[in-house]
Amino acid sequence: MAHLLGYARVSTLEQNPDLQVDELTAAGCWKVWTDHASGTLDRRPQLDEVLEQLRSGDTLVVWRLDRLGRRAADQFSSRLVWDSQAKRGIVQLGPPP
């Protein structure tokens, strides 16, 4: 069974990820992983975990593409679907429908 998995990121501990988490939950995400880390860092533990959890047919949903960070966004850009109406980036890891 395919799932929507959410990923939220804020750059500092002072920033609040609630807006992102609320939007991802409202979009139907089965679970949301959250990092408090700069987008320039190579390692973000929660992003690593959600990527490990993705299975064939699952979709990673982010509030905005830049939440993946610079390197991750580059890695997935060829498989990005941008929903401009909902202002949500959706990355599907697998063949397109």
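This one's a predicted model, so the numbers in the text were calculated from it and none came from an experiment.

What counts and how
Residue positions are counted from 1 within each chain, in the order its sequence is given. Two thresholds apply to this predicted model, a pLDDT of at least 70 for residue-level local features and 80 or more for giving and counting side-chain atom pairs, whereas whole-chain, interface and lining totals are computed over all residues. Hydrogens are left out, water is left out, and the side-chain values use all remaining heavy atoms of the structure. Looking at any residue, its pLDDT shows the predictor's confidence there, from 0 to 100. Counting from the N terminus, the helices are the DSSP runs of H or I reaching at least four residues and the strands are the DSSP runs of E reaching at least two. Should any heavy atoms of two residues lie within 4.5 Å, those residues are counted as being in contact. Note on aromatic contacts: the rings of Phe and Tyr and the six-membered ring of Trp form a pair at centre separations within 6.5 Å, being stacked when their planes are under 30 degrees apart, edge-to-face when over 60 apart, and tilted otherwise. In this scheme, a residue with accessible area under 20% of its type's maximum is buried, one over 50% is exposed, and one in between is partly exposed, where area comes from a 1.4 Å probe on protein chains only. Any pair of N or O atoms that falls within 3.5 Å is considered a polar contact. Within protein, one atom must be able to donate a hydrogen and the other to accept it, and sequence-neighbouring residues count only if both atoms are side-chain atoms. Here a strand pair is declared whenever DSSP counts at least two bridges between the two strands. For the handedness criterion, the strands are oriented away from the viewer, and a crossover whose path from the first strand over the helix to the second runs clockwise is classed as right-handed. When charges are tallied, Lys and Arg are placed among the positive residues and Asp and Glu among the negative ones, while His and the ends of the chain are skipped. Salt-bridge detection follows one rule: a side-chain nitrogen of Lys or Arg within 4 Å of a carboxyl oxygen of Asp or Glu.

> Explain the confidence of the model for the protein residue by residue, including any values.
In this model, the protein carries an average pLDDT of 76, and 67% of its residues clear a pLDDT of 70 or more. Model confidence for the protein, summarised as mean pLDDT per element, is weakest for strand β5 (residues 88–92) at 53 and strongest for strand β2 (residues 31–36) at 94. Low pLDDT (under 50) marks residues 92–97, which in the prediction has eleven contacts with non-local residues, meaning those over four places away or in another chain.

> Can you break down the packing of aromatic side chains residue by residue, with the values?
Applying the stated criterion across every chain yields a total of one aromatic pair. On the basis of an interplanar angle of 50 degrees and a centroid distance of 6.5 Å, the ring pair of W30 and W33 is categorised as tilted. For W30, a relative accessible area of 52% translates into the label exposed. On the basis of relative accessibility, which here comes to 2%, the residue W33 falls in the buried class.

> Can you explain the side chain of R9? Please cite residues and give values.
Take R9: it is sitting in strand β1 (residues 4–10). When its relative accessible area of 3% is taken as the criterion, R9 is described as buried. Among the polar contacts made by the side chain of R9, one reaches the side chain of S11 at a distance of 3.4 Å.

> Break down the pairing of strand β3 (residues 59–62) for me, with residues and values.
Side chains of β3 alternate between two faces, with T59 and V61 and L60 and V62 buried alike. With four bridges joining them, β1 and β3 adopt parallel strand pairing. Opposite L5, over in β3, you have L60 as the bridge partner.

> Go over the pairing of β1 with me, naming the residues and quoting the values.
Within β1, six of the seven residues are buried, leaving the element largely enclosed by the surrounding structure. Pairing geometry for β1 and β2, over six bridges, is parallel. Within the sheet, the bridge partner assigned to A8 lies in β2 and is T34. Running through helix α1 (residues 18–26), the crossover from β1 to the neighbouring parallel element β2 is right-handed.

> For the side chain of D58, give the residues involved together with the corresponding values.
Mapped onto the secondary structure, D58 falls in the loop between α2 (45–53) and β3. Here D58 is buried and forms no salt bridge, its nearest opposite-charge partner R55 lying at an N-O distance of 6.2 Å. For D58, the side chain forms a polar contact with the main-chain nitrogen of H3, separated by 2.8 Å.

> Tell me what's going on with the environment of V61, and back it up with residues and numbers.
Structurally, V61 is set in strand β3. The exposure class assigned to V61 is buried, which follows from its relative accessible area of 3%. For the pair V61 and G6, spaced 55 residues apart in sequence, the C-alpha to C-alpha distance is 4.8 Å.

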